[in-house]
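Spelled out, the chains give:
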Amino acid sequence: MTVTTENITQPRSVERVIAGQAVMDGAGVRINRVLTQSLQRRLDPFLMLDNFGSEEANDYIAGFPDHPHRGFETVTYMLTGRMRHRDSAGNEGLLENGGVQWMTAGRGVIHSEMPEQDAGLMEGFQLWLNLPAKDKLMKPWYKDFKGGDVPSFTTDAGATVHVIAGSSHGVAGAVQRDVTEPLYLDVELPAGATFGQLLPAGHNAFLYPYRGSVTVAGKAVAERSMAILANDAAADGIAVQAQEAAKFILVAGKPLNEPIAQYGPFVMNTQQELQQAVEDFRAGRLGEEAHGA
Ligand code: FE
């Protein structure tokens, strides 16, 4: 595995820092929701980012019982904890420390995401990635990766990088998508270290430190907040400095520039398509055709 350096000549600046919103979802899971509906256009093709993290079983034990999705992809990254996934397409997987689950809901999946622990820390992320109009009704797809199977590398500067999607420093990640070209990195920086990542100027990008704070183009980004990176036309990437030991995720993707219509767990292009999704779900058609597929 060759690790190349990525020297950034013109780093992107920080456009905005967003503090998360404390919300409850599923059957009562406490979440820091950082990417909300009002940012879907700005951060196209990303629709949502939730950060869960608690040592209190009451904050997560109820989990996410059976619920539907249509029209996009969910990417769950479990830093610490155990969660079992089951879906209507017959997929089942146990997601544990460092593991990733990538689910393309396409035309419809009904699934549950339930904790398999009743004490201790559960921490991780769920990211929603939109599908282009042409793929919204595609056959569902699912894959999970154990922590050890997510490609990773360490730079000369000491940054340890897990490449969930896209590629970084010549290392290809676990998942590639050719329309939205998502980049999803988990980066650990020792105190004083810097990490550079090339990014196409037109791709929307954000980072979220979950341990410690980092500095991007002279601007401090506090722990558990999201920095939206400016799409400076002349910028060729991002440079992140850590004054203290820090861990952050960096996410970027190519915007779809298509209409976004959302009703809860359904994300389509028009209201009519949303109505169809609700009707299909109520009639038991959502997810059924995937059975045994
Ligand atoms: Fe779900």
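Residues numbered from 1 in each chain as written. Predicted model: local features only at pLDDT ≥ 70, side-chain atom pairs only at ≥ 80, totals over all residues. Heavy atoms only, no water.

S.K.: Explanation requested: unusual backbone geometry in the structure shown.
M.R.: With the exception of glycine, the majority of residues adopt a negative phi angle, and the majority of peptide bonds are in the trans configuration. A cis geometry characterises the amide bond from Asp44 onward to Pro45, with omega recorded as 15°. Considering the arrangement of structural elements, one finds Pro45 in the loop between strand 3 (29–35) and strand 4 (46–54). Positive phi outside glycine occurs at His169, with the angle close to 50°. Overall, the relative accessible area of 5% leaves His169 in the buried class. One non-glycine residue, Arg224, lies in the positive phi region at around 60°. Tracing the backbone through its elements, the reader meets Arg224 in the loop between strand 21 (219–221) and strand 22 (225–229). Residue Arg224 is classed as partly exposed on the basis of its relative accessible area of 34%. (Helix = DSSP H or I, 4+ residues; strand = E, 2+ residues; numbered from the N terminus. Buried < 20%, exposed > 50% of the residue type's maximum accessible area, 1.4 Å probe, protein only.)

S.K.: Is there a simple way to think about the coordination of the iron ion in this case?
M.R.: Think of it this way: four donors in a tetrahedron around the metal ideally sit 109.5 degrees apart, and six in an octahedron ideally sit 90 or 180 degrees apart. Those protein atoms acting as donors to the iron ion are His67 (NE2), His69 (NE2), His111 (NE2) and Glu113 (OE), and they sit at 2.1 to 2.7 Å. The coordination sphere of the iron ion comprises four donor atoms, whose angles at the metal cover 82 to 176°; the geometry is irregular. Mapping the donors of the iron ion onto the primary sequence yields the spacing H-x1-H-x41-H-x1-E. Of the two residues, His67 is situated in strand 5 (residues 64–69) and His111 in strand 10 (residues 109–115); the sequence distance between them amounts to 44 residues. When sorted by exposure, His67 lands in the same class as His111, which is buried. (Donors = N, O, S within 2.8 Å, 3.2 Å for Na, K, Ca; no water. Tetrahedral: all angles 85-135°; square planar, octahedral: opposite > 155°, others 65-115°.)

S.K.: Explain helix 1 (residues 271–282) here, please?
M.R.: The periodicity of an α-helix, 3.6 residues per turn, causes residues three or four positions apart to be oriented the same way. With twelve residues, helix 1 extends 17 Å between its outermost C-alpha atoms, agreeing within 8% with the 16 Å of an ideal straight helix rising 1.5 Å per residue. The complete set of buried residues in helix 1 reads Leu274, Ala277, Val278 and Asp280. In a view along the axis of helix 1, the buried residues occupy a sector of 165°, so they form one face of it. The exposed residues of helix 1 that point more than 90 degrees off its buried face are Gln272, Gln275 and Arg282. Where helix 1 is buried, its residues touch strand 25 (261–263) and strand 26 (266–268). (Expected span 1.5 Å × (residues − 1). Arc of directions from axis to C-beta. Contact = heavy atoms within 4.5 Å.)

S.K.: I tried to follow the side chain of Ser168 on my own but got confused; where do I start?
M.R.: Along the chain, Ser168 turns up in strand 15 (residues 167–168). According to the relative accessible area criterion, Ser168 is buried, its value standing at 0%. At a separation of 2.7 Å, a polar atom in the side chain of Ser168 contacts the side chain of Gln197. Not counting residues up to four positions away in its chain, the partners in contact with Ser168 are Glu6, Phe153, Val161, Val163, Leu185, Phe195 and Gln197. (Polar contact = N/O pair within 3.5 Å; in protein donor to acceptor, adjacent residues only side chain to side chain.)

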